[in-house]
Amino acid sequence: MRQSMVAVPAVTLLGSSALAPEPGHAAPGTGAKTYAPRYFNAAEWDFLQAAVDRLIPPSEDGPSAVEAGVPEFIDRQMDAAYGHGGYWYMQGPFVPESPATLGYQLRYTPREFYRKAIAAIDDWCRRQHGKSFSALTHEQQDDILGQMEKGQIKLEDVPTDTFFSQLITNTKEGYFSDPMYGGNKQMGAWKMIGFPGARADFADWIEQPGKAYPFGPVSIEGEQS
């Protein structure tokens, strides 16, 4: 996944806003120690951190998804318009077996889908492996994510390939978003790909292919690195 990231532009979810943390359960894991989830409960938070950490694991190339604050980004989105399905047509009929090219076809808003899918996957993991997803080995987690991507894990009312698609899309968005949305801490992802961020003028460098951009990125709120 890291190899493909150099071609992925920095993205934000329109209509999202930075949300101040509220008191809640402690957030485990590197990069999330000071953030208390607003939407996800403790079991869901453990799943989310474990899953995104396998999608973008620690590497010398750049921060992991957890280090970059991706779980915080996703949690904030659950309370934003995106999480409530504000950008999607959510009236029936729903035809889940339709081709992906026809768009999202489930009755669940993103926040509802996360809650339902995580519970179902954790239950499947406990039946198959005796432990929830977050307690499994990295090898087991990778195998399960691979099966989810291919739709090979069959769960009632939860198409795992659709959930995997949502999870990896939100992970990429959080990894490359402006830090004001909770992810891309210290603009680590932008540094990794040499993206200038919200700098007012970098046009002189557009037509210098192969030449490294010499200045660090700048966030929308003026953070520099």
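Just above sits the structure.
Presented here is a report on the structure given in the accompanying data block.

## Brief notes about the pattern of salt bridges
Should their charged atoms come close, side chains of opposite charge can pair. Per the counting criterion, the structure on display carries seven salt bridges. The closest approach of N and O atoms between Glu44 and Arg115, which form a salt bridge, is 2.7 Å. With a gap of 71 residues between them, Glu44 in helix α2 (residues 42-55) and Arg115 in helix α4 (residues 110-129) connect regions that are remote in the sequence. Looking at Glu44, the relative accessible area reads 5%, which means it is buried. Given a relative accessible area of 31%, Arg115 falls into the partly exposed group. Lys185 is the partner of Glu72 in a salt bridge, and the nearest nitrogen-oxygen pair spans 2.9 Å. Of this pair, Glu72 sits in helix α3 (residues 70-78) while Lys185 is found in the loop between α6 (160-176) and α7 (188-193), placing the two residues 113 residues apart along the sequence. You can call Lys185 partly exposed: its relative accessible area is 25%.

## Thoughts on the packing of aromatic side chains
Per the counting criterion, the structure on display carries 13 aromatic pairs. Both rings, one in Tyr82 and one in Trp88, keep their centres 5.7 Å apart while their planes meet at 85 degrees; by these two values the pair is edge-to-face. What makes Tyr82 buried here is its relative accessible area of 9%. Take Trp88: its relative accessible area is 28%, and that puts it in the partly exposed class. Taking 5.6 Å as the distance between ring centres and 85 degrees as the angle between the ring planes, the aromatic pair formed by Phe113 and Phe163 counts as edge-to-face. Highlighted residues: Phe113 in helix α4 and Phe163 in helix α6, separated in sequence by 50 residues. Summarising the burial analysis for this pair, Phe113 and Phe163 share the class buried.

## Considerations on the environment of Asp53
With respect to the secondary-structure elements, Asp53 resides in helix α2. Taking the C-alpha atoms as reference, Asp53 lies 8.6 Å from Glu67; in sequence the two are 14 residues apart. With near-sequence residues (within four places) excluded, Asp53 lies in contact with Pro58, Ser64 and Val66.

The rules behind the values
- Residues numbered from 1 in each chain as written.
- Predicted model: local features only at pLDDT ≥ 70, side-chain atom pairs only at ≥ 80, totals over all residues.
- Heavy atoms only, no water.
- Salt bridge = Lys/Arg side-chain N within 4 Å of Asp/Glu carboxyl O.
- Helix = DSSP H or I, 4+ residues; strand = E, 2+ residues; numbered from the N terminus.
- Buried < 20%, exposed > 50% of the residue type's maximum accessible area, 1.4 Å probe, protein only.
- Phe/Tyr/Trp six-rings, centres within 6.5 Å; stacked < 30°, edge-to-face > 60°.
- Contact = heavy atoms within 4.5 Å.

Purely geometric numbers; function is a separate question.
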